[in-house]
Amino acid sequence: MIESDGPGMTRAAIAAPNALAAQAGMDVIALGGTVVDAAIAAQAVTYVTEPGIVSALGGAFVNVWPAGADPQVIDGNCEMPGRSAAPDRLGGGLRAIHLEYGGGITINAGAGSVATPGSFAAYGMAHERFGRAPWSDILGPAISVAREGFVLGQAAGHYLQLTGRLLWSFDEQTKAQHFAGDDPAGPGTRMVNTDLANSFETIAHQGISEIYTGSLGHSVADHVTSTGGLLGRADLAAYRPVCRPASRARLGDWDVALNPPPSIGGPVLTAMLRLIAERGMSPEALLQIQATVLGYRATHLDRASDLREAGAELLLALETTGLESLPTSQDTAHVSVVDSAGNACAITTSAGYSSGVTVPGTGLVLNNCLGEPELNRLGLHALPPGTRLASNMAPTTARSAAEGVTLAVGTPGADRITTALAQVIARHCVGGEELQAAIDAPRMHVELAPDGVRLHHEPDEAATAAALAAGVTDVPHEALDMYFGGVGAAYATEGGELVAAADPRRAAATAVS
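What counts, and at which threshold
Residues numbered from 1 in each chain as written. Predicted model: local features only at pLDDT ≥ 70, side-chain atom pairs only at ≥ 80, totals over all residues. Heavy atoms only, no water. Helix = DSSP H or I, 4+ residues; strand = E, 2+ residues; numbered from the N terminus. Rg over C-alpha atoms; globule rule 2.2 N^0.38 Å. Buried < 20%, exposed > 50% of the residue type's maximum accessible area, 1.4 Å probe, protein only. Areas by Shrake-Rupley, 256 points an atom, 1.4 Å probe, with all protein chains shown as cover. Lys, Arg positive; Asp, Glu negative; His and termini not counted. Charge placed at Lys NZ, Arg CZ, Asp CG, Glu CD. Pairing = 2+ DSSP bridges. Axes fitted to C-alpha atoms, helices over the stretch in contact; angles between N-to-C directions. pLDDT = per-residue confidence, 0-100. Contact = heavy atoms within 4.5 Å. Polar contact = N/O pair within 3.5 Å; in protein donor to acceptor, adjacent residues only side chain to side chain. Parallel < 35°, antiparallel > 145°, perpendicular 65-115°, else oblique. Left-handed = near helix turned anticlockwise from the far one by under 90°. Nonpolar A, V, L, I, M, F, W, Y, C, P; charged D, E, K, R; others polar. Expected span 1.5 Å × (residues − 1). Core = buried A, V, L, I, M, F, W, Y, C linked by side-chain atoms within 4.5 Å. Right-handed = clockwise from strand over helix to strand, strands pointing away. Phe/Tyr/Trp six-rings, centres within 6.5 Å; stacked < 30°, edge-to-face > 60°. Lys NZ or Arg CZ within 6 Å of the ring centre and 35° of its normal.

1. Considerations on the overall build of the chain
Right, on to step 1. Each helix and strand counted, the chain has 16 helices and 24 strands in total.
Right, on to step 2. Over its C-alpha trace the chain gives a radius of gyration of 21 Å, about what one expects of a compact globule, namely 24 Å for 513 residues.
Right, on to step 3. Expressed along its principal axes, the backbone C-alpha trace of the chain runs to roughly 55 × 55 × 40 Å.
Right, on to step 4. By residue count, 62% of the 513 residues in the chain fall in the buried class.
Right, on to step 5. Counting every atom, the chain has about 17500 Å² of accessible surface; 51% of that belongs to carbon and sulfur.
Right, on to step 6. Averaging the locations of the 29 positively and 52 negatively charged side chains of the chain gives two centres separated by 4 Å.

Have a look at this one:
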């Protein structure tokens, strides 16, 4: 159970994708809600105000570290559907789309790309265990924003304009909601989503089960099935969130709680943090660490049939033989909340690049998690129904007994999630940098491309020199490039100080009460 300072007395710090989301979290805290209630409220508003970036029918991980108790992570990641689908439907309902986003990627969209969503199931379990506010308070801000309207921000507007003509135009419902006339909506466009407001209102009154066994869930499943996808009523009814003890890593005085297997993101981030603690953060060391750990991922995790076992093997290897045991070979949103009682919650959610399909009359855009190449490296529709998909998401909480600090941190950014978080957490927790300075500092990311290793980095002569010395391709980026994620973090001290920090690489907002 979440402890608090008492009704009306709890103060909080929040980092969220935009000001409306941050304010929603603060409003719920003011109404007596917990950090979990606040984080869910902020994510619900994000589902409304960041169209294209995320949607409600995706997956999520909820990392909760209650004051005086052990940290837990609730797995609401998407899973493979198809329990009642005929075998001849495998591989169908898809359309390949090449996006220029992130340097260029080909995805699969359409109903066949839709995985079983788990985000709201995870929120339901988190609220049952750690929440206090009624769902009407938690979803109220999202309902109001969707019904009354909002101004589209830079990140979502840019994404819609970049991908809209291919990904957001083939479905009539989706195009009507996301286009302004003949063009995809862009930054500054005022938008409303009455259907989504009605759907959230139904959930607030009827409960989370409405998405899985109620009328909303039936509408979702029936539309996907009728348009060639695998997701059916049986898949939604069978979905269950899973609560697991967080993986733990020691970084000096810090005890860091991370997303455990079968998540890929948690074990990979754990490996990077432990190796950074041993080898430091010079560009040369970071290049070697990222190449090593991501190489291990490509060889052992991405193609594993049992992600939980494969992730556990990585953590065991780190505990036993360390570095020598490893072979050397936009589409998420994050909210961090801490309060003055020492509770922390970090939620990362993803719907992939979007399927481009909207369930008629609901405002709910479907995910394309079966169509993301990096999450389906075993092949298209290759997993048995009910199997959790791979995930880069790594919401993180941490405590320093020596400094009396509680931290929540996370980021969007696909395969840059782990590399961005490793650099920020190491700078702050190991290097002692101020939280905002650690977020603002130049970043680098190793890409294991088919034609060889590439070192992506923001302006940094030392990084260029490290790439040349290692014989890898140097890929310089502009300063504060959104390619490198959008870290949001917040911390609280025992003395009552509350701090929130947001990444200038993406539109974001902080709030402190």
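2. Brief notes about the sheet that holds strand β1 (residues 12-16)
Right, on to step 1. The strand order across the open sheet formed by seven strands is β10-β3-β2-β14-β13-β1-β24, and the pairing between neighbours is antiparallel. Every other strand in the sheet has two partners, leaving β10 (242-245) and β24 (509-512) as the edge strands with one partner each. Strand-to-strand twist of the sheet, defined as the mean angle between neighbouring strand axes without regard to direction, takes the value 10°.
Right, on to step 2. Sheet topology places strand β13 (residues 332-339) next to strand β14 (residues 344-350); seven bridges connect them, and they run antiparallel.

3. Quick notes on the confidence of the model for the chain
Right, on to step 1. For the chain, the mean per-residue pLDDT works out to 90, and 91% of the residues sit at or above 70.
Right, on to step 2. A low-confidence stretch, residues 320-329 stays under pLDDT 50, and its non-local contacts, those more than four residues away or across chains, total 17 contacts.

4. Brief notes about unusual backbone geometry
Right, on to step 1. Despite not being glycine, serine 354 shows a phi value in the positive range, around 90°.
Right, on to step 2. Residue position: serine 354 is located in the loop between β14 and β15 (358-359).
Right, on to step 3. In this structure, alanine 414 is a non-glycine residue whose phi angle is positive, near 55°.
Right, on to step 4. Inspection of the secondary structure puts alanine 414 in the loop between β18 (405-410) and α14 (417-430).

5. Structural notes on the environment of arginine 190
Right, on to step 1. Note that arginine 190 resides in strand β9 (residues 190-191).
Right, on to step 2. Given a relative accessible area of 54%, arginine 190 falls into the exposed group.
Right, on to step 3. Taking C-alpha positions, arginine 190 is 45 Å from serine 282, a pair spaced 92 residues apart along the chain.
Right, on to step 4. Among residues more than four places away in sequence, those in contact with arginine 190 are Glu148, Gly149, Phe150 and Val151.
Right, on to step 5. There is a polar contact of 3.1 Å between the side chain of arginine 190 and the backbone oxygen of glutamate 148.

6. Considerations on the packing of helix α11 (residues 265-279) against α14
Right, on to step 1. In contact at an axis separation of 9 Å, α11 and α14 are set at 40° when each is read in the N-to-C sense. Put simply, α11 runs oblique to α14. The handedness of the crossing between α11 and α14 is right-handed. Contact residues: Gly265, Val268, Leu269, Met272, Leu273 and Ile276 in α11; Thr418, Thr419, Leu421, Ala422, Ile425 and Ala426 in α14.
Right, on to step 2. Here the contact of α11 with α14 is built from residues that sort into nine nonpolar, three polar and no charged.

7. Thoughts on α11
Right, on to step 1. Here α11 spans 21 Å end to end across 15 residues, near enough to the 21 Å set by a 1.5 Å rise per residue.
Right, on to step 2. When you tally the buried positions in α11, you get 12 out of 15 residues, the bulk of the element.
Right, on to step 3. Just downstream of α11 lies glycine 280, where phi reads positive at about 90°.

8. Some points on the nonpolar core
Right, on to step 1. Val62, Phe120, Tyr123, Leu139 and Phe200 are the most contacted members of the largest nonpolar core, which totals 89 residues.
Right, on to step 2. By residue number, the principal contributor to this core is helix α2 (residues 35-49), which donates 11 residues.
Right, on to step 3. Sequence-distant contacts of phenylalanine 120, defined by excluding residues within four places in its chain, comprise Tyr47, Ala56, Leu139, Phe200, Ile208, Ile211 and Tyr212.
Right, on to step 4. Counting 47 residues, the second largest nonpolar core, distinct from the first, contains Leu251, Ile264, Val424 and Ala463.

9. Some thoughts on the sheet that holds strand β17 (residues 396-400)
Right, on to step 1. Taken in spatial order, the six strands of this open sheet run β11-β12-β17-β18-β22-β23, and their pairing is antiparallel. At either margin of the open sheet sits one strand with a lone partner, and together these are β11 (247-251) and β23 (498-502). Averaged over all pairs of adjacent strands, the angle between their axes in this sheet comes to 15°, without regard to strand direction.
Right, on to step 2. Two strands pair when backbone bridges link them, and β17 and β18 are joined in this way by five bridges, in the antiparallel orientation. Across the sheet, residue alanine 398 finds its bridge partner in β18, namely leucine 407.

10. With respect to the pairing of strand β20 (residues 452-457)
Right, on to step 1. Summarising the sheet, strand β19 (residues 444-449) and β20 pair through six bridges and their orientation is antiparallel. The residue bridging leucine 448 from the neighbouring strand is valine 453, located in β20.
Right, on to step 2. Connecting β19 to the next strand, β20, in antiparallel fashion are two residues.
Right, on to step 3. Of the strand pairs in this sheet, β20 and strand β21 (residues 473-476) are connected by four bridges, and their pairing is parallel. Within β21, the residue paired with histidine 456 across the bridge is valine 475.
Right, on to step 4. One crossover worth recording links β20 to the parallel β21 by way of helix α16 (residues 461-470), and it is right-handed.

11. Let's talk about the packing of aromatic side chains
Right, on to step 1. Applying the stated criterion to the full structure yields five aromatic pairs.
Right, on to step 2. Measuring from ring centre to ring centre gives 5.4 Å for phenylalanine 120 and tyrosine 123, while their planes differ by 70°; the resulting arrangement is edge-to-face. One end of the pair is phenylalanine 120 and the other is tyrosine 123, both in helix α3 (residues 119-130) and three residues apart, which spans about a single turn. Across this residue pair, the class does not change: phenylalanine 120 and tyrosine 123 are buried.
Right, on to step 3. On the numbers, 6.0 Å between centres and 20° between planes, the contact of tyrosine 212 with tyrosine 239 is stacked. Highlighted residues: tyrosine 212 in helix α8 (residues 209-212) and tyrosine 239 in the loop between α10 (233-238) and β10, separated in sequence by 27 residues.
Right, on to step 4. Since its relative accessible area comes to 8%, tyrosine 212 is described here as buried.
Right, on to step 5. On the basis of relative accessibility, which here comes to 4%, the residue tyrosine 239 falls in the buried class.
Right, on to step 6. Clustering of aromatic rings is evident, with ring pairs tying together Tyr47, Phe120, Tyr123 and Phe200.
Right, on to step 7. Above the ring of phenylalanine 179, the side-chain terminus of lysine 175 is found at 5.3 Å from the ring centroid.

12. Digging into the environment of histidine 218
Right, on to step 1. When you line up the elements, histidine 218 lands in helix α9 (residues 215-226).
Right, on to step 2. On the basis of relative accessibility, which here comes to 27%, the residue histidine 218 falls in the partly exposed class.
Right, on to step 3. With 14 residues separating them in the primary sequence, histidine 218 and glycine 232 have C-alpha atoms 8.3 Å apart.
Right, on to step 4. Those residues in contact with histidine 218 that lie beyond four places of it in its chain are Thr213 and Arg233.
Right, on to step 5. Here threonine 213 takes part through its backbone oxygen, which lies 3.4 Å from a polar atom of the side chain of histidine 218.

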